[in-house]
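Listed below are the residues making up each chain.
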Amino acid sequence: MSETSPRLRAVLEGIPTYRPGKPAAAGCQVAYKLSSNENPYPPLPGVMEAVTEAACSFNRYPDMACSGLLSELSERFGVPSSDLAVGTGSVGVAQQLIQATSGPGDEVIYAWRSFEAYPIITQISGATSVQVPLTEGEVHDLDAMADAITDRTRLIFVCNPNNPTSTVVHREELERFLDRVPADVLVVLDEAYREFIRDVRVPDGVELYRRRPNVCVLRTFSKAYGLAGLRVGFAIAHEPVAAALRKTAVPFGVSQLAQEAAVASLRAEDELLGRVGSLVCERIRVVDTLRAQGWTVPETQANFLWLRLGERTVDFAAACEQAGVVVRPFPGEGVRVTIGEAEANDIFVKVAEGFRKAS
Ligand SMILES: *Cc1c(COP(=O)(O)O)cnc(C)c1O
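Every chain's residues receive numbers from 1 upward, in the order its sequence appears when written. Residues qualify for local features only when their pLDDT is at least 70, as the model is predicted, and side-chain atom pairs are given and counted only at 80 or more; totals for whole chains, interfaces and linings, by contrast, use all residues. Hydrogens are left out, water is left out, and the side-chain values use all remaining heavy atoms of the structure.

(A) Fine view of the site of the ligand. The full set close to the ligand counts 13 residues, and Tyr193, Thr220, Ser222, Lys223 and Arg231 are the nearest of them. Ser90 is positioned such that a nitrogen or oxygen atom in its backbone is 2.6 Å from an oxygen atom of the ligand. Here a polar contact is recorded for every N or O atom pair within 3.5 Å, except that within protein the pair must consist of a potential hydrogen donor and a potential acceptor, and residues adjacent in sequence are included only if both atoms are side-chain atoms. At a separation of 2.6 Å, an oxygen atom of the ligand approaches a polar side-chain atom of Thr220. Computed on the free molecule, the ligand has an accessible area of 390 Å², of which 93% lies beneath the protein chains in the complex. Sorting elements by how many residues they give to the shell around the ligand places helix α3 (residues 89-101) first, with three residues. Nearness is defined per residue: one heavy atom within 4 Å of the molecule or strand is enough. Here, Shrake-Rupley sampling with a 1.4 Å probe gives the accessible areas, and only protein chains in the shown set may cover a residue. For the purposes of this entry, the term helix denotes a DSSP run of H or I that reaches at least four residues, the term strand denotes a run of E that reaches at least two, and both are numbered from the N terminus.

(B) Up close: the state of the cysteines. Counting rule for disulfides: a pair of cysteine sulfur atoms within 2.5 Å. Counted under the stated rule, the structure contains zero disulfides. No disulfide involves Cys159; its sulfur sits 13 Å from the nearest other cysteine sulfur, which is in Cys216. Exposure classes here rest on a 1.4 Å probe applied to the protein chains alone. A residue is buried below 20% of its type maximum, exposed above 50%, and partly exposed in between. Look at Cys159 and you get buried, because its relative accessible area is 3%.

(C) Inspection of the side chain of Asp199 at higher detail. Note that Asp199 resides in the loop between β6 (186-190) and α7 (205-211). Side chain to side chain, Asp199 and His170 meet in a polar contact 3.0 Å long. Residues contacting Asp199, with those up to four places away along its chain left out, are Val168, His170 and Gln301. Contacts between residues were defined by any pair of non-hydrogen atoms, one from each residue, lying within 4.5 Å.

(D) Layout of the packing of aromatic side chains. Within 6.5 Å between ring centres, the rings of Phe, Tyr and Trp (the latter by its six-membered ring) count as paired, and their orientation is classed by plane angle as stacked under 30 degrees, edge-to-face over 60, tilted in between. On inspection of all chains with the given rule, the structure shows 14 aromatic pairs. Centroid distance Tyr118 to Phe157: 4.1 Å. Interplanar angle 5°. Geometry classified as stacked. Here Tyr118 is found in helix α4 (residues 117-125), whereas its partner Phe157 is found in strand β5 (residues 153-159), with 39 residues between them in sequence. The burial state of Tyr118 is the same as that of Phe157; both residues are buried. Pairing Tyr193 with Phe304 gives two aromatic rings, centres 5.0 Å apart and planes at 75°, and the pair type is edge-to-face. With a gap of 111 residues between them, Tyr193 in the loop between β6 and α7 and Phe304 in strand β9 (residues 304-307) connect regions that are remote in the sequence. You'll find Tyr193 and Phe304 in the same group, each marked buried.

(E) Main features of the sheet that holds strand β11 (residues 328-330). Here a strand pair is declared whenever DSSP counts at least two bridges between the two strands. Strands sit in the order β9-β12-β11 across an open sheet of three strands; the sheet is antiparallel. Both edges of this open sheet fall to β9 and β11, since each of them pairs with a single strand only. Each adjacent strand pair in this sheet contributes to an overall mean axis angle of 20°, direction not counted. Lines fitted to C-alpha atoms define the axes, with helix axes restricted to the stretch in contact, and inter-axis angles between N-to-C directions lie between 0 and 180 degrees. Packed on one face of the sheet, helix α11 (residues 313-323) meets β9, β11 and β12 (334-338) and runs near 30° to β12.

Given below as C-alpha coordinates:
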(Lines give C-alpha, C1' and ligand atoms only; values in the text may rest on other atoms or scores of the structure.)
Protein backbone atom coordinates (compact mmCIF):
# COMPACT_ATOMS: atom_id res chain seq x y z
CA MET A 1 0.00 0.00 0.00
CA SER A 2 1.32 3.39 -0.95
CA GLU A 3 1.50 6.25 1.55
CA THR A 4 0.14 8.63 -1.04
CA SER A 5 -3.59 9.17 -1.08
CA PRO A 6 -5.59 10.48 -4.02
CA ARG A 7 -5.16 14.18 -4.58
CA LEU A 8 -8.20 16.15 -3.43
CA ARG A 9 -9.10 19.75 -4.21
CA ALA A 10 -7.51 22.18 -1.79
CA VAL A 11 -10.82 24.05 -1.34
CA LEU A 12 -12.14 21.08 0.63
CA GLU A 13 -9.76 21.86 3.47
CA GLY A 14 -11.48 23.55 6.38
CA ILE A 15 -15.00 23.27 4.97
CA PRO A 16 -17.34 23.55 7.92
CA THR A 17 -19.37 20.35 8.21
CA TYR A 18 -23.14 20.70 8.07
CA ARG A 19 -24.44 20.00 11.56
CA PRO A 20 -27.87 18.42 11.40
CA GLY A 21 -30.18 19.07 14.34
CA LYS A 22 -29.68 16.41 17.00
CA PRO A 23 -32.27 13.65 17.00
CA ALA A 24 -34.58 13.39 19.97
CA ALA A 25 -32.49 11.53 22.53
CA ALA A 26 -33.39 7.98 23.43
CA GLY A 27 -33.23 7.18 27.13
CA CYS A 28 -34.47 10.23 29.00
CA GLN A 29 -38.32 10.26 29.24
CA VAL A 30 -40.23 11.52 26.21
CA ALA A 31 -38.05 13.36 23.81
CA TYR A 32 -39.10 15.91 21.22
CA LYS A 33 -36.95 17.11 18.36
CA LEU A 34 -37.10 20.89 18.07
CA SER A 35 -33.72 21.13 16.39
CA SER A 36 -34.28 20.90 12.63
CA ASN A 37 -37.32 23.05 11.82
CA GLU A 38 -39.22 19.99 10.73
CA ASN A 39 -42.98 19.75 10.54
CA PRO A 40 -44.25 17.84 13.60
CA TYR A 41 -47.37 16.52 11.83
CA PRO A 42 -47.23 13.02 10.32
CA PRO A 43 -47.78 12.65 6.56
CA LEU A 44 -51.37 13.10 5.32
CA PRO A 45 -53.08 9.82 4.38
CA GLY A 46 -53.49 10.92 0.75
CA VAL A 47 -49.81 11.76 0.48
CA MET A 48 -48.87 8.43 2.06
CA GLU A 49 -51.04 6.71 -0.53
CA ALA A 50 -49.28 8.46 -3.41
CA VAL A 51 -45.88 7.52 -1.99
CA THR A 52 -46.88 3.92 -1.35
CA GLU A 53 -48.10 3.57 -4.90
CA ALA A 54 -44.89 5.09 -6.29
CA ALA A 55 -42.90 2.69 -4.12
CA CYS A 56 -44.33 -0.24 -6.10
CA SER A 57 -42.14 0.69 -9.06
CA PHE A 58 -38.89 1.84 -7.53
CA ASN A 59 -37.06 -0.65 -9.69
CA ARG A 60 -37.53 2.04 -12.38
CA TYR A 61 -35.73 5.37 -12.64
CA PRO A 62 -37.84 8.40 -11.80
CA ASP A 63 -39.15 10.81 -14.44
CA MET A 64 -35.97 12.80 -14.98
CA ALA A 65 -37.84 15.89 -16.21
CA CYS A 66 -40.22 15.84 -13.20
CA SER A 67 -42.91 16.72 -15.74
CA GLY A 68 -45.94 16.01 -13.54
CA LEU A 69 -44.64 18.13 -10.70
CA LEU A 70 -43.50 20.89 -13.05
CA SER A 71 -46.93 21.24 -14.64
CA GLU A 72 -48.56 21.28 -11.18
CA LEU A 73 -46.14 23.99 -9.99
CA SER A 74 -46.53 25.93 -13.21
CA GLU A 75 -50.28 26.17 -12.67
CA ARG A 76 -50.03 26.82 -8.93
CA PHE A 77 -47.63 29.76 -9.31
CA GLY A 78 -48.65 31.02 -12.74
CA VAL A 79 -45.16 30.68 -14.20
CA PRO A 80 -44.06 28.85 -17.36
CA SER A 81 -42.56 25.38 -16.77
CA SER A 82 -39.42 26.64 -18.49
CA ASP A 83 -38.90 28.99 -15.51
CA LEU A 84 -39.04 26.14 -12.98
CA ALA A 85 -36.36 23.71 -11.81
CA VAL A 86 -36.80 20.93 -9.27
CA GLY A 87 -33.96 19.56 -7.16
CA THR A 88 -33.00 17.41 -4.18
CA GLY A 89 -34.32 19.83 -1.61
CA SER A 90 -33.79 23.55 -1.99
CA VAL A 91 -30.29 23.05 -0.61
CA GLY A 92 -29.60 20.91 -3.66
CA VAL A 93 -30.95 23.65 -5.92
CA ALA A 94 -28.89 26.30 -4.06
CA GLN A 95 -25.76 24.26 -4.69
CA GLN A 96 -26.65 24.03 -8.40
CA LEU A 97 -27.11 27.81 -8.51
CA ILE A 98 -23.60 28.31 -7.16
CA GLN A 99 -22.18 25.73 -9.55
CA ALA A 100 -23.90 27.56 -12.39
CA THR A 101 -22.63 31.02 -11.43
CA SER A 102 -19.52 30.94 -9.28
CA GLY A 103 -16.04 29.51 -9.25
CA PRO A 104 -12.52 30.41 -8.03
CA GLY A 105 -12.06 34.18 -7.90
CA ASP A 106 -15.79 34.88 -7.73
CA GLU A 107 -17.63 36.14 -4.67
CA VAL A 108 -20.87 35.01 -3.08
CA ILE A 109 -22.48 37.45 -0.64
CA TYR A 110 -24.82 36.46 2.18
CA ALA A 111 -25.75 37.67 5.64
CA TRP A 112 -24.15 36.12 8.70
CA ARG A 113 -25.32 34.43 10.70
CA SER A 114 -27.61 32.83 8.19
CA PHE A 115 -28.27 29.39 6.77
CA GLU A 116 -25.28 27.16 7.48
CA ALA A 117 -25.37 25.53 4.04
CA TYR A 118 -24.28 28.80 2.33
CA PRO A 119 -20.61 28.78 3.43
CA ILE A 120 -20.32 25.06 2.68
CA ILE A 121 -21.67 25.10 -0.86
CA THR A 122 -19.76 28.30 -1.63
CA GLN A 123 -16.44 26.90 -0.47
CA ILE A 124 -16.93 23.65 -2.42
CA SER A 125 -17.28 25.68 -5.61
CA GLY A 126 -13.96 27.42 -4.96
CA ALA A 127 -15.67 30.82 -4.79
CA THR A 128 -15.12 33.20 -1.88
CA SER A 129 -17.76 33.84 0.78
CA VAL A 130 -18.44 37.46 1.68
CA GLN A 131 -20.34 37.40 4.96
CA VAL A 132 -22.15 40.58 5.94
CA PRO A 133 -23.05 40.79 9.66
CA LEU A 134 -26.71 41.03 10.63
CA THR A 135 -27.90 44.25 12.28
CA GLU A 136 -28.27 44.58 16.06
CA GLY A 137 -31.86 43.47 15.59
CA GLU A 138 -30.71 40.18 13.95
CA VAL A 139 -31.98 41.34 10.52
CA HIS A 140 -30.23 41.32 7.12
CA ASP A 141 -28.25 44.56 6.68
CA LEU A 142 -29.24 45.08 3.05
CA ASP A 143 -27.42 48.42 2.72
CA ALA A 144 -24.17 46.83 3.86
CA MET A 145 -24.79 43.88 1.55
CA ALA A 146 -25.23 46.22 -1.41
CA ASP A 147 -22.04 48.04 -0.37
CA ALA A 148 -20.21 44.69 -0.41
CA ILE A 149 -20.89 44.10 -4.11
CA THR A 150 -17.77 44.17 -6.30
CA ASP A 151 -17.12 43.27 -9.92
CA ARG A 152 -16.35 39.75 -8.68
CA THR A 153 -19.79 39.25 -7.10
CA ARG A 154 -21.78 36.54 -8.89
CA LEU A 155 -24.54 35.54 -6.47
CA ILE A 156 -26.25 37.00 -3.38
CA PHE A 157 -28.42 35.00 -0.99
CA VAL A 158 -31.23 36.76 0.87
CA CYS A 159 -32.74 34.34 3.38
CA ASN A 160 -36.25 35.61 4.14
CA PRO A 161 -37.14 34.77 6.90
CA ASN A 162 -33.57 34.29 8.03
CA ASN A 163 -32.48 30.95 9.44
CA PRO A 164 -31.62 30.87 12.36
CA THR A 165 -32.67 34.35 13.58
CA SER A 166 -36.26 34.16 12.18
CA THR A 167 -36.34 37.81 11.11
CA VAL A 168 -37.60 39.18 7.79
CA VAL A 169 -36.84 41.99 5.38
CA HIS A 170 -39.73 44.07 4.09
CA ARG A 171 -40.84 44.96 0.57
CA GLU A 172 -39.50 48.51 0.41
CA GLU A 173 -36.02 47.76 1.72
CA LEU A 174 -35.74 44.67 -0.47
CA GLU A 175 -36.82 46.59 -3.59
CA ARG A 176 -34.34 49.34 -2.75
CA PHE A 177 -31.61 46.71 -2.38
CA LEU A 178 -32.53 44.98 -5.65
CA ASP A 179 -32.36 48.36 -7.43
CA ARG A 180 -28.70 48.56 -6.38
CA VAL A 181 -27.71 45.07 -7.56
CA PRO A 182 -26.16 44.97 -11.07
CA ALA A 183 -28.25 43.11 -13.64
CA ASP A 184 -25.58 40.43 -14.12
CA VAL A 185 -25.56 39.40 -10.45
CA LEU A 186 -28.05 36.69 -9.44
CA VAL A 187 -30.09 37.37 -6.29
CA VAL A 188 -31.43 34.20 -4.69
CA LEU A 189 -34.41 34.76 -2.39
CA ASP A 190 -34.41 31.71 -0.12
CA GLU A 191 -38.02 31.44 1.01
CA ALA A 192 -37.97 28.05 2.75
CA TYR A 193 -40.46 29.34 5.36
CA ARG A 194 -42.67 31.43 3.08
CA GLU A 195 -45.90 29.72 4.15
CA PHE A 196 -45.34 30.72 7.80
CA ILE A 197 -45.18 34.46 7.08
CA ARG A 198 -48.08 36.55 8.40
CA ASP A 199 -46.46 40.00 8.13
CA VAL A 200 -48.00 41.62 5.04
CA ARG A 201 -44.98 43.89 4.61
CA VAL A 202 -42.91 40.89 3.50
CA PRO A 203 -42.98 40.60 -0.28
CA ASP A 204 -43.70 37.38 -2.13
CA GLY A 205 -40.46 36.60 -3.96
CA VAL A 206 -42.42 35.26 -6.91
CA GLU A 207 -43.84 38.75 -7.52
CA LEU A 208 -40.30 40.19 -7.48
CA TYR A 209 -39.12 37.50 -9.90
CA ARG A 210 -41.83 38.51 -12.37
CA ARG A 211 -40.40 42.00 -12.71
CA ARG A 212 -36.68 41.29 -12.25
CA PRO A 213 -34.70 38.98 -14.54
CA ASN A 214 -31.88 38.53 -12.00
CA VAL A 215 -34.11 37.30 -9.16
CA CYS A 216 -34.46 33.60 -8.41
CA VAL A 217 -36.82 32.25 -5.73
CA LEU A 218 -36.08 29.07 -3.77
CA ARG A 219 -38.93 27.14 -2.20
CA THR A 220 -39.09 23.75 -0.52
CA PHE A 221 -41.51 20.98 0.33
CA SER A 222 -39.52 20.20 3.48
CA LYS A 223 -41.07 22.60 5.98
CA ALA A 224 -44.73 23.65 5.52
CA TYR A 225 -45.49 20.60 3.36
CA GLY A 226 -43.80 18.15 5.71
CA LEU A 227 -41.69 16.26 3.15
CA ALA A 228 -38.22 16.87 4.64
CA GLY A 229 -37.24 13.21 4.39
CA LEU A 230 -38.09 12.93 0.70
CA ARG A 231 -35.77 15.71 -0.55
CA VAL A 232 -37.60 17.93 -2.97
CA GLY A 233 -37.43 21.67 -3.50
CA PHE A 234 -37.57 24.00 -6.48
CA ALA A 235 -36.50 27.28 -7.98
CA ILE A 236 -38.47 29.85 -9.93
CA ALA A 237 -36.09 31.75 -12.18
CA HIS A 238 -35.99 33.25 -15.64
CA GLU A 239 -35.13 31.03 -18.55
CA PRO A 240 -31.30 31.34 -18.68
CA VAL A 241 -30.97 30.57 -14.97
CA ALA A 242 -33.60 27.81 -14.99
CA ALA A 243 -31.85 26.25 -18.01
CA ALA A 244 -28.54 26.36 -16.13
CA LEU A 245 -30.24 24.54 -13.27
CA ARG A 246 -31.33 21.78 -15.62
CA LYS A 247 -27.71 21.45 -16.79
CA THR A 248 -26.27 21.21 -13.28
CA ALA A 249 -28.85 18.75 -11.93
CA VAL A 250 -27.78 15.30 -10.80
CA PRO A 251 -29.55 13.03 -13.30
CA PHE A 252 -32.58 11.34 -11.70
CA GLY A 253 -31.83 13.11 -8.40
CA VAL A 254 -35.44 13.61 -7.33
CA SER A 255 -37.08 10.24 -6.66
CA GLN A 256 -40.49 9.32 -8.01
CA LEU A 257 -41.66 9.02 -4.38
CA ALA A 258 -40.69 12.64 -3.80
CA GLN A 259 -42.28 13.81 -7.05
CA GLU A 260 -45.59 12.05 -6.35
CA ALA A 261 -45.62 13.24 -2.74
CA ALA A 262 -45.05 16.82 -3.85
CA VAL A 263 -47.90 16.66 -6.39
CA ALA A 264 -50.23 15.11 -3.79
CA SER A 265 -49.20 17.80 -1.28
CA LEU A 266 -50.00 20.61 -3.69
CA ARG A 267 -53.40 19.05 -4.23
CA ALA A 268 -53.92 18.83 -0.45
CA GLU A 269 -52.62 22.33 0.08
CA ASP A 270 -55.64 23.60 2.00
CA GLU A 271 -55.25 20.93 4.64
CA LEU A 272 -51.48 21.40 4.87
CA LEU A 273 -51.77 25.17 5.14
CA GLY A 274 -54.33 24.62 7.90
CA ARG A 275 -51.61 22.81 9.83
CA VAL A 276 -49.26 25.71 9.14
CA GLY A 277 -51.93 27.99 10.63
CA SER A 278 -51.96 25.92 13.81
CA LEU A 279 -48.18 26.11 14.03
CA VAL A 280 -48.36 29.88 13.60
CA CYS A 281 -50.83 30.01 16.54
CA GLU A 282 -48.40 27.96 18.60
CA ARG A 283 -45.59 30.30 17.57
CA ILE A 284 -47.52 33.30 18.84
CA ARG A 285 -48.34 31.53 22.10
CA VAL A 286 -44.71 30.50 22.71
CA VAL A 287 -43.23 33.89 21.83
CA ASP A 288 -45.76 35.75 23.99
CA THR A 289 -45.03 33.43 26.91
CA LEU A 290 -41.27 33.87 26.57
CA ARG A 291 -41.59 37.66 26.39
CA ALA A 292 -43.78 37.63 29.48
CA GLN A 293 -40.98 35.70 31.19
CA GLY A 294 -38.63 38.55 30.30
CA TRP A 295 -36.83 37.11 27.28
CA THR A 296 -35.89 39.17 24.25
CA VAL A 297 -37.27 37.25 21.28
CA PRO A 298 -36.74 38.61 17.76
CA GLU A 299 -39.91 38.86 15.69
CA THR A 300 -40.39 35.46 14.04
CA GLN A 301 -42.11 34.81 10.75
CA ALA A 302 -40.91 31.21 10.53
CA ASN A 303 -41.58 27.90 12.32
CA PHE A 304 -38.79 28.56 14.81
CA LEU A 305 -37.52 31.23 17.17
CA TRP A 306 -34.13 32.56 18.17
CA LEU A 307 -32.74 33.30 21.61
CA ARG A 308 -29.40 35.08 21.71
CA LEU A 309 -27.84 33.45 24.77
CA GLY A 310 -24.17 34.07 24.08
CA GLU A 311 -21.98 32.20 26.57
CA ARG A 312 -25.04 30.55 28.15
CA THR A 313 -26.06 28.83 24.89
CA VAL A 314 -24.64 25.39 25.61
CA ASP A 315 -25.99 25.32 29.17
CA PHE A 316 -29.42 26.30 27.96
CA ALA A 317 -29.43 23.58 25.29
CA ALA A 318 -28.35 21.04 27.92
CA ALA A 319 -31.19 22.11 30.22
CA CYS A 320 -33.67 21.62 27.38
CA GLU A 321 -32.32 18.19 26.56
CA GLN A 322 -32.51 17.23 30.22
CA ALA A 323 -36.20 18.08 30.16
CA GLY A 324 -36.87 16.12 26.98
CA VAL A 325 -36.69 18.68 24.17
CA VAL A 326 -33.75 18.91 21.81
CA VAL A 327 -33.00 22.40 20.45
CA ARG A 328 -30.29 23.65 18.09
CA PRO A 329 -27.41 25.44 19.83
CA PHE A 330 -24.95 27.70 18.00
CA PRO A 331 -22.28 27.77 20.72
CA GLY A 332 -21.36 31.26 21.84
CA GLU A 333 -24.26 32.76 19.88
CA GLY A 334 -27.71 31.43 20.65
CA VAL A 335 -30.26 28.68 20.24
CA ARG A 336 -32.75 28.09 17.48
CA VAL A 337 -35.93 26.40 18.66
CA THR A 338 -38.44 24.86 16.29
CA ILE A 339 -42.15 25.32 17.03
CA GLY A 340 -43.37 21.77 17.40
CA GLU A 341 -46.33 19.93 18.87
CA ALA A 342 -48.03 21.74 21.79
CA GLU A 343 -46.66 19.31 24.41
CA ALA A 344 -43.11 19.90 23.21
CA ASN A 345 -43.60 23.67 23.22
CA ASP A 346 -44.99 23.45 26.77
CA ILE A 347 -41.90 21.66 27.98
CA PHE A 348 -39.69 24.18 26.24
CA VAL A 349 -41.33 27.27 27.76
CA LYS A 350 -41.12 25.66 31.18
CA VAL A 351 -37.38 25.09 30.78
CA ALA A 352 -36.98 28.67 29.57
CA GLU A 353 -38.82 29.98 32.63
CA GLY A 354 -36.68 27.95 35.03
CA PHE A 355 -33.48 29.00 33.26
CA ARG A 356 -34.48 32.65 33.39
CA LYS A 357 -35.20 32.51 37.12
CA ALA A 358 -31.96 30.68 37.85
CA SER A 359 -29.76 33.17 35.99
C1 LIG B 1 -34.69 24.16 5.73
C2 LIG B 1 -34.12 25.19 4.81
C3 LIG B 1 -34.03 24.95 3.44
C4 LIG B 1 -34.64 23.74 2.84
O5 LIG B 1 -33.86 22.69 2.75
P6 LIG B 1 -34.30 21.46 1.87
O7 LIG B 1 -33.04 21.08 1.20
O8 LIG B 1 -35.33 21.90 0.89
O9 LIG B 1 -34.81 20.44 2.82
C10 LIG B 1 -33.50 25.92 2.62
N11 LIG B 1 -33.10 27.10 3.11
C12 LIG B 1 -33.22 27.38 4.41
C13 LIG B 1 -32.82 28.71 4.90
C14 LIG B 1 -33.71 26.43 5.30
O15 LIG B 1 -33.80 26.71 6.59
